[in-house]
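# Geometric and topological summary
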Amino acid sequence: MKVLKFGGTSVATAENIKRVKEIVANTNADKTIVVVSALGGVTDLLLKCLELASKQELGYEDVLAELENRHMVTVKELIPVKNQSAILGKVKGDLNELQTLLEGSFLIGETTPRLSDKVVSYGELLSSFIITEHFACEGLDVALKDGRELIITDENHGRANVDAKTTYANCKDYFGKVSEKIVVVPGFVASSKNGNHTTLGRGGSDYTAALLAAANNASELQIWTDVSGMYTANPKMVKQAKCVSQISYEEAMELSHFGAKVLYPPTIQPVLSKGIPIRIKNTFAPEDEGTLITKNQNGAGKTVRGISHVGNITLLSLEGPGMVGVPGISKRFFETLSQYGISVVLITQASSEHSICVGISDEDAKMAEQIVNEAFAYEIETKKIKPVKVESNMAIIALVGDNMKSHQGLSGKMFSTLGRNNVNIRAIAQGASERNISAVIDENDVKKALNALHEAFFEENIKQLNLYVMGVGNVGSRFLAQVQQQKSYLKKELKLNLRVIGLSNSRKMVFDESGISLKEWKTVLENGQQANPKEFIETIKKLNFRNSIFVDNTANETVAKSYGEYLSNSVSVVTCNKIACSSDFGLYKELKELAKRYNAPFLFETNVGAGLPIIDTLKHLIASGDKVNKIQAVLSGSLNFVFNNFNDSTTFHNVVKQAKEEGYTEPDPKIDLSGIDVMRKILILARESGYQLDIDDIHNDPFLPEESLKTKTNDAFFESLQKHENHFQKMYEKANTKGCRLKYVARFENGKAAVGLQEIPEGHDFYNLEGSDNVVLFHTDRYTEQPLIIKGAGAGADVTASGIFADIIRIGNF
């Protein structure tokens, strides 16, 4: 014998019921019990109907009409015309009885739990009747048995307690005699010993099926629903969630309790003692394997089998010095909650006995606060205990697995994963069985927490990085092209999955939670909404994705000033924008502190030397205990390009124009040629070396004429370069006569920094620096006779983009 239970979605429409018939007809069993729920959504409509009637609102009649239409249409779509009359008559008769009950509620203006049970029972009673008639018309050997005649309970209406002994006896008696091969039974409904209608609580159809399976020693209980089994996490919240092929009873119970909606938690108990396997199957994909729930496999399988959560939780905290060493405080606390029917879903207590914390449903929070404060009024008045602390809008997340107890470090891995993503844990609980580790977190962090934990425990160590890119000009567009090109490689070789979630330029911005297609990003961005930097960051905060990284490819001061808000929301920052790190020392220090406090890396390798690993190397020197005493550097790829290409056969104006067109300079080339850009770079290196320095402390010996320095626009700047061509030719001639080359050099020594154009003689480390290359010489306590030299391309969109890319990979490898 097999027991098959079909939920509301499985029988929501006539088309779905036809699927159910095919599944039942193809079931390989000598006898099959089919337990059905109400048509999808009908139970909610019945409750709404009763609520409106009890409030004496005539709208209940409209809902009743909707219920009647729903069932009548289903009959007409399932039953041949010649057989419809009697069946429609029976359905109409049941609906008339329902109408009478609702009219009574309307007249007296109230309802009772007993009446509610009677009203909601009609959902399963009607669906089971219609489905049985459809089976019969399709030639199946089928009978209908009213579940109220089999399952006997107490009078606890709404969530009745089953009299298992009487129920099992009734089942054995009936199923031992029935001759039909298939028996349809309405789920959820039962009756008391006094013959009153009762129900088994929401989700009780699963419980009905489990009771029938246990009573008849069925070979298997099948739960047919709209998903293909129990998943490692809620697939609606975690797209990478996978179906678990096999799981133990205990693991399934834990996952069911913590929000896995596939099963109703008490379901497993009746079959657990009998060792009857449960199989979760998908009505809409019957060929899928599903999940088999059986006895513990004694250590076989994964350590963590699933991650689940339950939302709408409130934490109640009772604390105070008057609790320490006083027997009975906990007893009074729980008794108070119990007397008012408030269920406790999580308990944690400090070993000092100074406080006790419980998790309850949000809907019980107001009542709980009132009754607990009343119960401890004397202690609160005498300052022995503080008024109960209430924290609502929380959620419980739980790791579940039978084998967790035999593996060390799981709790640490769980909490460190949450910590890295700035998910604050408010309470922790773990049972003695060590099958479940639970943590209470803010409701807004649930999606991020589930995805982060799933990534850590189930995704073969593939780490998802969610990028928000601002600036898609030369550097930004090259960066996006590099991400697109390397996406598959990173996933395969480095176990990093990069997704661009947000894009913005100065005009438009766009977001896509599933990731923006990098093949079509220009079109997608052009069709986006109006750009708004404040709204951009607010959207990032609202999305609240794990491993979020803000990528700044601009040279915008306003954007640079927003880094603090990103970091304080645990969004890492990767930037080629030098403004933040070269601004006031206090701001620079604050950003570094925020990065540490919120575990959000702040990386700016491309601030100096584009893609060269200058800052990274410097950080490792300092971290290993070395001390930087002197820095000599050519730090402007733009200026190096200019002076390597400028001679007596070219014009300074044309070379600078070429440098701008080829992407070597800032959008405003005066920033490069005035020395400001180099000043910022040497300032950053000095600060990263451990020195406190500001931009005003750096001596700048400009080579540009005063008129050029004072220009306000690029056009005016280039006009001034043409006007003063003779000035630049004289500089070149003077250096060339000496056999020297012009290089713009930055120096830092003895706590002082300076930048300026120098004539570099042949044989110097800077003399043969070609193209747009940069070079940095670090003189340290360890590198005394020969400096540590870093040399290479120091400007250009491609190398700058690759430097940004490298910083993102560094974050991925943290």
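Here's a quick rundown of the structure. Not measured: the values here are computed from a predicted model. (Residues numbered from 1 in each chain as written. Predicted model: local features only at pLDDT ≥ 70, side-chain atom pairs only at ≥ 80, totals over all residues. Heavy atoms only, no water.)

### A few points about the overall build of the chain
Helices and strands together make up the secondary structure of the chain, namely 29 helices and 30 strands. The C-alpha extent of the chain, read off along each of the three principal axes, is 115 × 70 × 55 Å. Of all 814 residues assigned to the chain, the portion counted as buried reaches 54%. Expressed as a percentage of contacts within the chain between residues at least 6 apart in sequence, the contacts between residues at least 24 apart total 72%. Carbon and sulfur atoms form 47% of the exposed surface of the chain, whose accessible area is close to 35300 Å². One finds the centroid of the 91 positive side-chain charges in the chain at a distance of 2 Å from the centroid of its 99 negative side-chain charges. (Helix = DSSP H or I, 4+ residues; strand = E, 2+ residues; numbered from the N terminus. Buried < 20%, exposed > 50% of the residue type's maximum accessible area, 1.4 Å probe, protein only. Contact = heavy atoms within 4.5 Å. Areas by Shrake-Rupley, 256 points an atom, 1.4 Å probe, with all protein chains shown as cover. Lys, Arg positive; Asp, Glu negative; His and termini not counted. Charge placed at Lys NZ, Arg CZ, Asp CG, Glu CD.)

### What to know about the pattern of salt bridges
One pass over the full model with this rule turns up 37 salt bridges. The salt bridge involving Glu220 is made with Arg279; its shortest N-O contact spans 3.3 Å. Taken as a pair, Glu220 in strand β8 (residues 220-225) and Arg279 in strand β10 (residues 278-282) lie far apart in primary sequence, 59 residues in all. In this structure Arg279 comes out as partly exposed when scored by relative accessible area, which is 23%. Among the ionic pairs, Glu557 bridges to Lys561, the shortest N-O distance being 3.6 Å. Using a relative accessible area of 61% as the deciding quantity, one classes Lys561 as exposed. Members of the salt-bridge network, linked through shared partners, are Lys534, Glu538, Lys541 and Glu565. (Salt bridge = Lys/Arg side-chain N within 4 Å of Asp/Glu carboxyl O.)

### Quick notes on helix α3 (residues 59-78)
For α3, spanning 20 residues, the distance from its first C-alpha to its last is 29 Å, which sits close to the expected 28 Å at 1.5 Å a residue. Its buried side turned inward, α3 meets α1 (14-25), α2 (42-54), α4 (81-108) and α5 (113-137). (Expected span 1.5 Å × (residues − 1).)

### Digging into the environment of Asn497
Locating Asn497 in the fold gives a position in strand β19 (residues 496-504). Overall, Asn497 belongs to the buried group, its relative accessible area being 12%. Along the primary structure Asn497 and Val227 are separated by 270 residues, whereas in three dimensions their C-alpha atoms are 26 Å apart. Once residues lying within four places of it in the same chain are set aside, the contact partners of Asn497 are Ile462, Lys463, Gln464, Leu465, Lys487 and Lys491.

### Details of the packing of α1 against α3
Between α1 and α3, the shortest axis-to-axis distance is 9 Å and the interhelical angle comes to 50°. As judged from the angle between their axes, α1 and α3 are oblique. α3 is crossed by α1, and the crossing has right-handed handedness. Where α1 approaches α3, its residues Ala14, Ile17 and Lys18 are matched on the opposing element by Thr74, Glu77 and Leu78. (Axes fitted to C-alpha atoms, helices over the stretch in contact; angles between N-to-C directions. Parallel < 35°, antiparallel > 145°, perpendicular 65-115°, else oblique. Left-handed = near helix turned anticlockwise from the far one by under 90°.)

### Overview of the sheet that holds strand β30 (residues 788-793)
Reading across the sheet, the six strands line up as β26-β28-β27-β25-β29-β30 and stay open at both edges, with mixed pairing between neighbours. Both edges of this open sheet fall to β26 (698-701) and β30, since each of them pairs with a single strand only. Strand-to-strand twist in this sheet, taken as the mean axis angle between neighbours without regard to direction, amounts to 20°. Taken together, the six bridges between strand β25 (residues 628-634) and strand β29 (residues 773-780) define a ladder with antiparallel strand orientation. Within β29, the position partnered with Ala633 by the bridge is Val776. (Pairing = 2+ DSSP bridges.)

### Quick look at the sheet that holds strand β3 (residues 142-144)
Strand order in the open sheet made by the eight strands is β3-β5-β2-β1-β8-β10-β11-β9, with mixed pairing throughout. The sheet is open, and its two edges are formed by β3 and β9 (246-248), each paired on a single side. Adjacent strand axes in the sheet meet at a mean angle of 20° when their direction is disregarded.

### Regarding the packing of aromatic side chains
On inspection of all chains with the given rule, the structure shows 23 aromatic pairs. An angle of 45° between the planes, with centres 5.9 Å apart, marks the rings of Phe643 and Phe652 as tilted. Owing to a relative accessible area of 7%, Phe643 belongs among the buried residues under this scheme. With a centroid separation of 5.3 Å and an interplanar angle of 70°, the aromatic rings of Phe643 and Phe703 are classed as edge-to-face. Of this pair, Phe643 sits in helix α22 (residues 637-645) while Phe703 sits in the loop between β26 and α26 (706-709), and the two are 60 residues apart along the sequence. Through successive ring pairs, a cluster of aromatic residues spans Tyr468, Phe511, Phe536, Phe550, Tyr563, Tyr566, Phe602 and Phe604. The aromatic ring of Phe129 is capped on one face by Lys90, whose charged end is 5.0 Å from the ring centroid. Seen from the ring of Phe545, Arg499 lies directly overhead, with NZ or CZ sitting 5.3 Å from the centre. (Phe/Tyr/Trp six-rings, centres within 6.5 Å; stacked < 30°, edge-to-face > 60°. Lys NZ or Arg CZ within 6 Å of the ring centre and 35° of its normal.)

### Some details on the nonpolar core
In terms of nonpolar packing, the biggest core is built from 78 residues, with Phe652 and Phe703 touching the most fellow members. Per-element tally for this core: the top contributor is helix α25 (residues 676-688), with seven residues. Those residues in contact with Phe703, other than ones at most four positions away along the chain, are Leu639, Phe643, Phe652, Leu673, His727, Phe728, Met731, Tyr744 and Leu757. If you look at the next biggest cluster of nonpolar residues, it comprises 52 residues, including Ile17, Cys49, Phe129 and Ile130. (Core = buried A, V, L, I, M, F, W, Y, C linked by side-chain atoms within 4.5 Å.)

### Focus on the packing of α2 against α5
At a minimum axis separation of 9 Å, α2 and α5 run at an interaxial angle of 145°. Helix-helix and strand crossings are classified by hand; for α2 and α5 the assignment is right-handed. In this structure, α2 uses Val42, Thr43, Leu46, Leu47 and Leu50 to contact α5, whose residues at the interface are Leu115, Ser116, Val119, Val120, Tyr122, Gly123 and Glu124. When its residues are assigned to classes, the contact of α2 with α5 shows eight nonpolar, three polar and one charged. (Nonpolar A, V, L, I, M, F, W, Y, C, P; charged D, E, K, R; others polar.)

### Here's the deal with the side chain of Ser248
Position of Ser248 among the secondary structure elements: in strand β9. The buried category is assigned to Ser248, whose relative accessible area is 3%.

### Structural notes on helix α27 (residues 714-723)
Listed in full, the buried residues belonging to α27 are Phe717, Phe718, Ser720 and Leu721. Viewed end-on, α27 has its buried residues packed into an arc of 155°, placing them on one side of the element. Opposite its buried face, α27 presents the exposed residues Asp715, Glu719 and Lys723, each directed more than 90 degrees away. (Arc of directions from axis to C-beta.)

### Topic: unusual backbone geometry
A positive phi angle, close to 60°, is found at Gln56, a residue other than glycine. Mapped onto the fold, Gln56 is located in the loop between α2 and α3. Take Gln56: its relative accessible area is 45%, and that puts it in the partly exposed class. Of note in this structure, Asn393 is not a glycine but carries a positive phi near 60°. Counting through the fold element by element, Asn393 comes out in strand β15 (residues 389-400).

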